[in-house]
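Fold and contact review
Okay, here's what each chain looks like letter by letter:
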Amino acid sequence: MSKPLPYSMKDLHYDNAKFRHRSLFKVISQSLFTSNLKRDCTSCSTGKFLLVLLIFGLVYLMLTHTRPARSLSNELAEGVITTEELKVIDNSSRFRRFWRKPPRLPPRFSPDEKGGNSSSIREPKKINAGSEWIDRQHSVKEAFIHAWSGYKKYAMGYDELMPLSQHGIDGLGGLGATVVDALDTAMIMGADDIVSEAGSWIETHLLDRISQKGQVNLFETTIRVLGGLLSAYHLSGGEQGMNPTTKGPRPIVYLEIAKKLADCLLSAFTASPTPIPFSDVVLRDSSAHPAPDGLSSTSEVSTLQLEFNYLSSVSGDPKYGMEAMKVLEHFRTLPKVEGLVPIYISPHSGDFSGENIRLGSRGDSYYEYLIKVWLQQRTSNESNLTYLYDMYEEAMKGVRHLLVRKSIPNGLVFVGELPNGLTGSFSPKMDHLVCFLPGTLALGATKGVTKEKAMKENLLTFEDLENLKLAEDLAKTCFEMYSVTSTGLSPEIAYFHTEGYYEGGLDGGNKSSKYLNDIIIKHADRHNLLRPETVESLFTLYRITEDPKYQEWGWQIFEAFEKYTKVDSGGYTSLDDVTTLPPHRRDKMETFFLGETLKYLYLLFGDSSVIPLDKFVFNTEAHPLPIKGTV
């Protein structure tokens, strides 16, 4: 059984030391000089001649011996070799090529890539951007059109669709959140009819809604509505953006509405006695109020900066970015636990509240925006945001040291929680929301370029390689949270079997899964909300590693959505229990299914030149915003 220890540098070096190759020189010389052969050979002239000949042969072998066919970047990432050793190997390889050309060897795959008999992961196939993936991308577009058709038919103008009962509800303040969330997805897919319908509704109705509506959540409104408007502004040709011939209103329409909305939302900042904004805003009178318990979520107040920064950039008014950035500047001054922070903060005192540390709900996107805001601004001449990158690096070290464990019996890497802080016990609980982390880790490692390019240009530090390795391990775990269930869809929350925790009879229902006993799914956590986090990370990792297994995993997830969540009359629905067949359906289509889940799947199956990761950052609702100075 695996030890429930943190995934640390110590463990990494220990594990891989077992597989470190001994050099050929050491193998032969140890045998030679610890046996009687030395005495026997050197006792006669013939023996001396043979010894000289043997030494010459050893020197020749040392000069011509090639390393096993194993990726040096992998060995560097796993701690088998150091950066200094890599340089020596590179120099010696040039010298060896003078003597002979090394033989071509077949590629060697890890056990995961080979796919054992009991593995639930399909063996990846090298598939180029041919007709099969074009067809799969088209299937995602058709799913988007079907989702929109149900919304348009039964809920146009409402925030969300109830696809089974066929009506709309306003659960996000009544700003037509699905319309705005879906708009840039339609633009990226080239779904011109939907772009025209959504754009026309926004132009006709959204300003009136902003003037008349009541209370909205600052965070949800910023990431969905403000982020959606700003992305639509750029993608429709604003600021010489991508596609000035797109259907719908002129880009300036989206920008003017975004400014009106942001002016109302600013009251959350200006009404607070500290740099931490209140959580709620009443739009019709631009007043702001704290949540009933007086606290704001850490993730919510620190996940506003991409949007407000970009609005300042394109509007020429610095007030939006200045207010939002005060939050992160304040976070810089607060005490942390190895870079990790509690999930609540008080706008009255400006201090954290409680000790609960997790990367799930109320904590997640704080860590995401540390690296993304730095990426968004790093090419700017006036940017002085290196503190954000430093905070991100420290936090990821803290994650690896304090929160990462491996399950038993099969060693899935997961991220747990510290509900009572550093002095309390560890909880092997992982929200599906945590599956944003693999993509964030990969993005932070290569800064959006491919791993191959980053390695060639010597852009990756050892810390980057550690994070990239953890990203791939966690992505596998997130995928297994899907494939371990009867429906092939993930629960909202999973627990992991460790030496200190196990509950029998709470498996995912897929009895053929290798990881059936690693993942525990409690009855209250078995619902699926059509969430995007796993496919988001698959998209990012595919773009960065170019490994087609991430496309294959994404396709399996999409097929499960099609099979169990599609509603014939239009739209898709969340599920009550992913472990039983047929699953009971919950009657709700979240806006992020159109804004995030289907967008990431579409991009996963398409050309990597569309919305490239070194030129765009996606906000936490998957709305792409251009990196300053690159587009």
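A brief report on the enclosed structure follows.

Rules used in this analysis
Residues numbered from 1 in each chain as written. Predicted model: local features only at pLDDT ≥ 70, side-chain atom pairs only at ≥ 80, totals over all residues. Heavy atoms only, no water. Helix = DSSP H or I, 4+ residues; strand = E, 2+ residues; numbered from the N terminus. Buried < 20%, exposed > 50% of the residue type's maximum accessible area, 1.4 Å probe, protein only. Contact = heavy atoms within 4.5 Å. Areas by Shrake-Rupley, 256 points an atom, 1.4 Å probe, with all protein chains shown as cover. Pairing = 2+ DSSP bridges. Axes fitted to C-alpha atoms, helices over the stretch in contact; angles between N-to-C directions. 1 Å grid on protein atoms, 1.4 Å probe; cavity = no way out; pocket = protein on both sides within 12 Å on 5 of 7 lines; lining within 4 Å. Points joined across faces, edges and corners; volume = space filled by probe spheres on them. Nonpolar A, V, L, I, M, F, W, Y, C, P; charged D, E, K, R; others polar. Phe/Tyr/Trp six-rings, centres within 6.5 Å; stacked < 30°, edge-to-face > 60°. Lys NZ or Arg CZ within 6 Å of the ring centre and 35° of its normal.

What follows concerns the overall build of the chain. Of regular secondary structure, the chain possesses 24 helices and 15 strands. Buried residues in the chain amount to 57% of all 631 residues. Taking the contacts inside the chain whose residues are at least 6 apart along the sequence as the reference set, 70% of them involve residues at least 24 apart. In the structure as shown, the chain presents an accessible area of about 26,500 Å², 52% of it carried by carbon and sulfur atoms.

Right, let's get into the sheet that holds strand 11 (residues 429-431). With respect to topology, three strands assemble into an open sheet ordered 11-12-13, the strand pairing being antiparallel. The strands lining the two open edges of the sheet, one partner per strand, are strand 11 and strand 13 (519-520). Pairing between strand 11 and strand 12 (residues 493-496): three bridges, direction antiparallel. Across the sheet, methionine 430 pairs through a bridge with alanine 494, a residue of strand 12. Sitting on the sheet, helix 21 (residues 462-483) is in contact with strand 11, strand 12 and strand 13, with an inclination near 110° to strand 12.

This paragraph deals with helix 15 (residues 305-315). Across the eleven residues that make up helix 15, a large majority, nine, are buried. Along helix 15, the residues classified as buried are Gln305, Leu306, Glu307, Phe308, Asn309, Tyr310, Leu311, Ser312 and Val314.

A word on empty space enclosed by the protein. Evaluated as defined, the whole model comprises four cavities of 30 Å³ or more. Of the volumes computed, that of the largest cavity is approximately 100 Å³. Looking at the largest cavity, the residues that line it are Lys372, Gly439, Thr440, Leu443, Glu536, Phe539, Thr540, Tyr600, Leu613, Phe616, Val617 and Phe618. Those elements that provide at least two residues to the lining of the largest cavity are helix 19 (437-446), helix 22 (533-545) and strand 14 (616-618). When grouped by side-chain class, the residues that make up the lining of the largest cavity number seven nonpolar, three polar and two charged.

What follows concerns the packing of aromatic side chains. In this description, a pair of aromatic rings is defined by centroid distance and the angle of the planes. Per the stated rule, a full pass over the model turns up 20 aromatic pairs. Both rings, one in tyrosine 366 and one in tyrosine 367, keep their centres 4.8 Å apart while their planes meet at 75°; by these two values the pair is edge-to-face. We note arginine 405 situated over the ring of phenylalanine 426; from NZ or CZ to the ring centre the distance is 4.0 Å. Across the ring face of tyrosine 495, the terminal group of lysine 522 is positioned such that the distance to the ring centre comes to 4.2 Å.

Such coordinate-based values are descriptive only and should not be taken to indicate function.
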